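Examination of the molecular architecture
Residue strings, one per chain:
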Amino acid sequence: MYRSHHCGELRISDVEKEITLSGWVQKSRDLGGMTFVDLRDRYGITQLVFNMDDNEQLCSEARKLGREFVVNCSGIVRERSNKNPNRDTGDIEIEVTSLNILNASQTPPFTIENDTDGGDELRMKYRYLDIRRKPIQENLIFRSKLALETRKYLDGQGFIEIETPFLIKSTPEGARDFVVPSRLNPNEFYALPQSPQTFKQILMVAGMDKYFQIVKCFRDEDLRADRQPEFTQIDCEMSFVTIEDILQTFEGLTKHLFSSMKNIKLSEFPRMSYDDALALYGSDKPDLRFGMEFHELGDLAQGKGFSVFDSAESVIGIVAPGIADSYSNKDMKKLTEWVQRPQIGAKGLVYVKLQEDGSIKSTVGKFFDDEALRTWAERMGAAKGDVILILCGETEKTRKQLGELRLEMGRNLGLMKDGDFKPLWVIDFPLLEWDEETERFHAMHHPFTSPKQEDMDKMLSGDHATMKSLRADAYDLVINGSEIGGGSIRIHDRALQSKNFDLLGFTKEEAEAQFGFLMGSFEYGAPPHGGIAFGFDRLNAVMNGQSSIRDFIAFPKNNQGRDMMIDAPSPVDNQQLDDLHLSMIPKD
Ligand code: ASP
């Protein structure tokens with residue numbers, strides 16, 4: 001028998017029991033007459049004791065145990081004289097009577113404890129050792145339970161989990177496809193799904209009514225820190241629904257997940273239009289754990305002879321509360337340099353300090369007297385002790401820069417509190433986005449998204465000038481500044497879908513070749529439908545207040561999209577290339 005209990009199980013009530021445990025050696029301490037070994041498994045750590053006086057041979061065997069050796073032992077549960085309140089098994093220890101080494105281990109390349117000295121790449125290369133660490137195990141266990149709770153909730157709402165294929169044809173979600181050559185069809189390729197978008201819509205045409213899937217998606221993007229080429233979505237679609245039905249259903253799912261997983265009761269999610277989000281926070285995914293909304297100051301600050309303001313399209317400010325006296329000139333200089341970094345790109349920072357003693361100090365004091373500055377403060381609701389921070393320039397850029405500065409101030413002032421969760425629905429996204437580089441429209445969400453009913457005629461008119469103003473029935477769920485999910489009401493009419501492809505620059509032939517199957521299905525009784533997908537990896541990270549999704553993925557890839565453990569991608573042999581009709585690839 002390998003074990004009668006696991007390593008996190010034994011308590012004071014088990015004292016005097018004869019037990020058997022198996023696990024890994026976390027640590028051993030040799031105190032001369034006594035040797036202590038911490039034995040670890042997924043469930044916890046139990047202390048083993050070997051006493052030289054009782055059994056010399058056993059004790060000397062124990063001394064030979066190295067870190068991460070796999071052992072099996074039997075013994076008697078004893079009460080510890082020196083209890084460890086930080087451990088569930090801290091009241092007891094095992095007086096070992098027999099010890100069996102099941103496998104030896106090399107010295108691990110990093111410490112396998114809650115805090116490790118291993119760098120990211122090393123941890124990914126030896127992921128099996130990294131996963132032995134409690135924080136990673138806890139993340140994976142959390143993830144497993146989150147998937148289970150998702151299934152429970154959606155099942156309760158009548159959703160059916162349906163698998164869709166991985167070897168498909170391109171689905172445009174705005175990234176490149178990973179392609180897979182077909183051996184049986186020379187020079188033809190499958191694409192791995194960027195999402196099951198077209199299949200879930202087809203399932204609605206097929207009458208399945210409510211679909212979901214916890215599913216891998218693949219996007220060949222340049223990898224930013226928090227992106228993975230393969231990631232998981234909670235993907236959903238519903239028939240005969242309005243936006244309201246979808247927001248209610250997935251607000252319900254989110255509330256259920258927070259209450260079942262974290263015992264947090266979220267109240268009703270606020271909603272904000274895309275335009276308001278940009279005007280108030282400079283971002284379509286604002287972090288609402290703190291305020292610091294934007295205030296337009298153009299009408300107060302322009303035309304008063306300060307040319308930097310006068311030549312700007314927008315002058316916008318935020319109020320950083322309570323720092324007038326604590327932020328020195330040096331701090332303000334640092335902040336100015338921060339906004340001037342190329343990543344932010346502001347030309348400069350104007351500030352107005354409303355000092356505690358009632359005086360005002362400002363970088364633009366030469367151009368604006370105290371009375372003028374006080375009207376700004378009044379507009380912005382700024383009080384004594386606050387600092388007004390102002391950026392100006394082209395509206396879109398300025399909003400973005402000020403949005404970054406707002407977040408930086410939120411971080412600096414500790415306003416983004418762990419354990420505080422502020423969900424938000426961002427709605428009324430634009431349908432199309434103009435791409436300066438390619439000089440064409442892109443779908444802001446994806447090409448299957450429906451324009452708002454009231455913009456339908458405008459869209460059908462095809463007048464390019466008005467296209468930028470088209471609004472979509474699209475929405476995002478944002479929590480604490482992270483986009484958790486997004487979706488839309490779909491087009492279910494062939495002519496409208498075809499018009500949309502038109503606007504996006506597809507020729508009729510291209511649209512037919514790529515999406516003929518979907519448009520074809522619309523001719524056989526497609527119901528009105530809509531859906532959403534949640535980024536499952538990110539949801540895990542955000543619910544745990546962590547910024548990286550990597551530690552919630554058992555085997556993540558690095559920033560170059562490499563799996564460091566199995567060393568993929570890697571070359572394949574010539575025969576394999578020949579079989580796939582890819583022999584034209586130069587061989588070395
Ligand atoms: N397929 C979309 C995505 O992956 C989600 C949706 O529209 O349902 O973002």
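This text gives an overview of the structure that appears in the document.

Calculation criteria
Starting from 1, residues in each chain are numbered consecutively following that chain's sequence as written. Thresholds applied to this predicted model are a pLDDT of at least 70 for local features of residues and 80 or more for the giving and counting of side-chain atom pairs; totals over whole chains, interfaces and linings are not thresholded and use all residues. Only heavy atoms go into the side-chain values, all of them from the structure, while hydrogens and water stay out. Only a single heavy atom is needed: when it lies within 4 Å of a molecule or strand, its residue is near that molecule or strand. Polar contacts here mean pairs of N or O atoms no more than 3.5 Å apart (in protein, one a potential hydrogen donor and the other a potential acceptor; neighbouring residues in sequence count only if both atoms are side-chain atoms). What sets the accessible areas is the Shrake-Rupley method with a 1.4 Å probe; for residues, cover comes only from the shown protein chains. The set of buried Ala, Val, Leu, Ile, Met, Phe, Trp, Tyr and Cys residues whose side-chain atoms join them within 4.5 Å is what this entry labels a nonpolar core. Buried residues are those whose accessible area, probed at 1.4 Å on protein chains only, stays under 20% of the maximum for their type, while exposed residues exceed 50% and partly exposed ones sit between those limits. Strands here are runs of E lasting at least two residues and helices are runs of H or I lasting at least four, both read from the DSSP assignment and numbered beginning at the N terminus. Contacts are assigned to residue pairs with any non-hydrogen atoms lying within 4.5 Å of each other. Stacked, tilted and edge-to-face pairs are distinguished by plane angle, under 30 degrees for stacked and over 60 for edge-to-face with tilted covering the rest, among Phe, Tyr and Trp rings (Trp via its six-membered ring) whose centres lie within 6.5 Å. When the NZ atom of lysine or the CZ atom of arginine is within 6 Å of a ring's centre and also within 35 degrees of its normal, the charge is said to sit over that ring. One requirement defines pairing of two strands: DSSP has to find at least two bridges between them. Here an angle of 0 to 180 degrees is reported between the N-to-C directions of two axes, which are lines fitted to C-alpha atoms, with helices fitted over the stretch in contact. Residues qualify for a patch when their relative accessible area is over 30% and they have no salt bridge, like charges being joined within 9 Å and the nonpolar side chains of Val, Leu, Ile, Met, Phe, Trp and Tyr within 5 Å. Note on definitions: salt bridges are taken to be side-chain nitrogens of Lys or Arg within 4 Å of carboxyl oxygens of Asp or Glu.

**Concerning the site of the ligand**
Close contacts around the ligand come from 14 residues, with Glu173, Gln197, Lys200, His445 and Arg490 the closest. One of the side-chain nitrogen or oxygen atoms of His446 is found 2.9 Å away from an oxygen atom of the ligand. A distance of 2.7 Å separates an oxygen atom of the ligand from a polar side-chain atom of Arg490. Computed on the free molecule, the ligand has an accessible area of 270 Å², of which 92% lies beneath the protein chains in the complex.

**Notes on the nonpolar core**
One finds Phe250 and Phe534 to be the most contacted residues of the largest nonpolar core, which totals 36 residues. With 8 residues, the top contributor of residues to this core is helix α6 (residues 243–262). Ignoring sequence-local partners within four residues, the contact set of Phe250 consists of Leu154, Phe159, Cys236, Met238, Trp425, Ile532 and Phe534. Counting 32 residues, the second largest nonpolar core, distinct from the first, contains Leu288, Leu496, Phe506 and Ala511.

**Considerations on the packing of aromatic side chains**
Evaluation of the coordinates by the stated rule reveals 20 aromatic pairs. Centroid distance Trp434 to Phe441: 4.9 Å. Interplanar angle 75 degrees. Geometry classified as edge-to-face. Judged by its relative accessible area of 32%, Trp434 falls in the partly exposed class. Among the residues examined, Phe441 registers a relative accessible area of 3% and is labelled buried. Counting every residue linked through ring pairs, the aromatic cluster contains Phe306, Phe309, Phe367, Phe368 and Trp376. Sitting over the face of the ring of Phe290, Arg406 holds its NZ or CZ atom 4.1 Å from the ring centroid.

**A look at the side chain of Asp41**
Within the fold, Asp41 resides in strand β2 (residues 34–41). At 2.8 Å, the side chain of Asp41 and the backbone nitrogen of Tyr43 are in polar contact. Once you skip the residues sitting within four places of it in the chain, Asp41 turns out to touch Arg3, His6, Cys7, Gly8, Ser22 and Trp24.

**So, the side chain of Arg143**
Within the secondary structure layout, Arg143 lies in helix α4 (residues 134–156). In this structure the side chain of Arg143 is engaged in a polar contact, spanning 2.9 Å, whose partner is the backbone oxygen of Phe552. Apart from the residues within four sequence positions on either side, Arg143 is in contact with Thr232, Phe536, Asp537, Asn540, Phe552 and Ile553.

**Concerning the pairing of strand β22 (residues 529–535)**
For β22, the tally of buried residues reaches 6 of 7 residues, placing the bulk of the element in the interior. Relative to β22, strand β10 (residues 230–239) is paired through 7 bridges, and the arrangement is antiparallel. Following the sheet pairing, Asp235 is matched in β22 by Ala533. Pairing analysis gives 5 bridges linking strand β21 (residues 482–489) to β22, with the strands arranged antiparallel. In the strand pairing of β22, Gly487 is matched with Ile532.

**Some thoughts on the sheet that holds strand β5 (residues 92–103)**
Spatially, 5 strands are ordered β1-β2-β3-β5-β4 in a closed barrel, and the strand pairing comes out mixed. On average, each strand axis in the sheet is tilted by 55 degrees relative to the strand beside it, whichever way the strands run. Its contacts with the sheet place helix α1 (residues 56–63) against β1 (18–30), β2, β3 (44–51) and β5, and it is angled at close to 65 degrees to β5.

**Thoughts on the sheet that holds strand β13 (residues 314–320)**
Pairing within the open sheet is antiparallel, and its 5 strands lie in the order β12-β13-β16-β14-β15. A single partner strand is all that each edge strand has here, and the edge strands are β12 (295–296) and β15 (360–362). Across 3 bridges, the pairing between strand β14 (residues 350–354) and β15 is antiparallel. Directly across from Leu354, in β15, lies its bridge partner Ile360. Sitting on the sheet, helix α12 (residues 395–412) is in contact with β12, β13 and β16 (387–393), with an inclination near 10 degrees to β13.

**Some remarks on helix α17 (residues 536–543)**
In terms of burial, α17 is a largely internal element, 7 of the 8 residues being buried. Restricting attention to buried positions, one finds in α17 the residues Phe536, Asp537, Leu539, Asn540, Ala541, Val542 and Met543. If you follow the buried residues of α17, they end up packed against α4, β10, α6, β20 (474–479), β21 and β22. A positive backbone phi angle near 65 degrees is found at Gly545, which sits one or two residues after α17.

**Focus: the environment of His464**
Positionally, His464 belongs in helix α14 (residues 464–467). Remark: the alpha-carbon pair of His464 and Leu184, spanning 280 residues in sequence, is separated by 44 Å. Leaving out residues up to four positions away in the same chain, His464 has contacts with Phe441 and Leu503.

**Side note on a nonpolar patch on the surface**
Side chains of Tyr128, Phe555, Met565 and Ile566 sit close together on the surface and give an oily, nonpolar patch of about 410 Å² of accessible area. Tracing the backbone shows Met565 in the loop between α17 and α18 (574–579). Taking the relative accessible area as the measure of exposure, Met565 reaches 31% and is therefore partly exposed.

**Things to note about the environment of Gln26**
Structurally, Gln26 is set in strand β1. Separated by 173 residues in sequence, Gln26 and Phe199 have C-alpha atoms that sit 48 Å apart. Those residues in contact with Gln26, other than ones at most four positions away along the chain, are Asp38, Arg40, Ile45, Arg67, Ile112 and Glu113. A distance of 3.5 Å separates a polar side-chain atom of Gln26 from the backbone oxygen of Ile112.

**Some remarks on the pairing of β20**
Among the 6 residues that make up β20, 6 are buried, leaving the element largely enclosed by the rest of the structure. Of the two faces of β20, the one holding Ala474, Asp476 and Val478 and the one holding Tyr475, Leu477 and Ile479 are both buried throughout. Pairing of strand β17 (residues 423–427) with β20 involves 5 bridges; the strand directions are antiparallel. Note on β20: the bridge partner recorded for Ile427 is Tyr475. Sheet topology note: the β20/β21 ladder contains 6 bridges and is antiparallel. Bridge assignment links Leu477 to a residue of β21, and that residue is Gly485. Counting the residues that bridge the hairpin from β20 to β21 gives 2 residues, and of these Asn480 lies at a positive phi of roughly 50 degrees.

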